[in-house]
Amino acid sequence: MTDTPAMSPTETYRANLAERRLTFQSCRACGQTWMPARSECPNCLSPEFEWCEAGGRATIVSWVVFHVAFDPRYEDRLPYNVALVDLEEGARMVTNIIDLPDGEDVIGRTVTLEFEHDLERELPRFRLAD
Ligand SMILES: [Zn+2]
């Protein structure tokens, strides 16, 4: 796992993704976990944090299906979903659900991490676990 002090938290996060590792930060002072990457704890503002690797299980908190592409690069992907998931370890992130069932309420469902090579990057996405 990459953790080079000279890199910004965002650069470290992206370097880890390139190695297909989904990572989040954990505060050494209060234990808060968070995403997206930032230089200080969003709870107590301590700059002392460590990087942790996600185990790959998460719970869907919310999701939405887009039928209009607000960015023309995504026009050929319509309809596509954007979801909020809570990692088992606590951090919350924005992602996409692979093979989201049509018209089904998936809030509270367990999902598992799956990397997809897309937009010339390794992107962390999730799939329903059952
Ligand atoms: Zn803290």
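Procedures and definitions
- Residues numbered from 1 in each chain as written.
- Predicted model: local features only at pLDDT ≥ 70, side-chain atom pairs only at ≥ 80, totals over all residues.
- Heavy atoms only, no water.
- Donors = N, O, S within 2.8 Å, 3.2 Å for Na, K, Ca; no water.
- Tetrahedral: all angles 85-135°; square planar, octahedral: opposite > 155°, others 65-115°.
- Buried < 20%, exposed > 50% of the residue type's maximum accessible area, 1.4 Å probe, protein only.
- Salt bridge = Lys/Arg side-chain N within 4 Å of Asp/Glu carboxyl O.
- Helix = DSSP H or I, 4+ residues; strand = E, 2+ residues; numbered from the N terminus.
- Pairing = 2+ DSSP bridges.
- Contact = heavy atoms within 4.5 Å.
- Polar contact = N/O pair within 3.5 Å; in protein donor to acceptor, adjacent residues only side chain to side chain.
- Domains from an automatic or database assignment.
- Buried area = accessible area lost by both parts, 1.4 Å probe.
- Nonpolar A, V, L, I, M, F, W, Y, C, P; charged D, E, K, R; others polar.

Outline the coordination of the zinc ion, listing residues and values.
The protein atoms that coordinate the zinc ion are C27 (SG), C30 (SG), C41 (SG) and C44 (SG), at distances of 2.3 to 2.4 Å. For the zinc ion, the four donor atoms in the first shell make angles of 105 to 117 degrees at the metal, a pattern classed as tetrahedral. Along the chain, the residues that donate to the zinc ion are spaced as C-x2-C-x10-C-x2-C. For C41, a relative accessible area of 0% corresponds to the buried category.

Lay out the pattern of salt bridges in plain terms, naming residues and giving numbers.
Applying the stated criterion to the full structure yields 14 salt bridges. Among the ionic pairs, R21 bridges to E53, the shortest N-O distance being 3.0 Å. With R21 in the loop between α1 (9-18) and β1 (23-27) and E53 in strand β3 (residues 49-53), this pair connects stretches of sequence that are 32 residues apart. Residue class for E53 comes out partly exposed when judged on its relative accessible area of 35%. For E114, the salt bridge is made with R127, and the minimal N-O distance between the two is 2.9 Å. In this pair, E114 sits in strand β8 (residues 110-118) while R127 sits in strand β9 (residues 121-128), placing the two residues 13 residues apart along the sequence. Each member of the salt-bridge network shares a partner with another, and the members are R77, E116, D118 and R125.

Hey, could you go over the pairing of β1 for me, with residue numbers and the actual values?
Most of β1 sits inside the fold, with five of its five residues counted as buried. On β1, burial covers both faces: T23, Q25 and C27 on one face and F24 and S26 on the other are all buried. As judged from the five bridges shared by β1 and β3, these two strands associate in the antiparallel manner. Counted as the bridge partner of C27 is F49 from β3. Sheet topology places β1 next to strand β2 (residues 33-34); two bridges connect them, and they run antiparallel. For S26, the partnering residue across the bridge sits in β2 and is T33. What sits between β1 and β2 in their antiparallel hairpin is a turn of five residues, with G31 showing a positive phi close to 85 degrees.

Explain the side chain of S26 to me, using residue names and the numbers behind them.
By the secondary structure assignment, S26 is in strand β1. Judged by relative accessible area, which is 11%, S26 ranks as buried. Among residues more than four places away in sequence, those in contact with S26 are G31, Q32, T33, W34, E48, F49, E50 and C52.

Report on the environment of N96, specifying residues and quantitative values.
Here N96 shows up in the loop between β6 (92-95) and β7 (97-98). For N96, the residues in contact, after removing those within four places along its chain, are N81, V82, R125 and F126. Looking at N96, its side chain comes within polar contact range of the side chain of R125, at 2.9 Å.

Before we move on, could you go through the domain arrangement of the protein and cite the residues and values that matter?
Per the domain assignment, the segments making up the protein are domain 1 (9-53) and domain 2 (57-128). Using C-alpha coordinates to define each centre, domain 1 is positioned 21 Å away from domain 2. Opposite the 11 residues of domain 1 that make contact, domain 2 presents 13 residues. When domain 1 packs against domain 2, close to 960 Å² is buried across both sides, 68% of that on carbon and sulfur atoms. Put simply, R20 and E122 hold a salt bridge, and the shortest N to O gap is 2.8 Å. Here domain 1 is connected to domain 2 by two residue pairs in polar contact (both at pLDDT 80 or more). Those elements giving two or more residues to the side of domain 1 that touches domain 2 turn out to be α1 and β2. Considered class by class, the residues forming the side of domain 1 that touches domain 2 number seven nonpolar, one polar and three charged.

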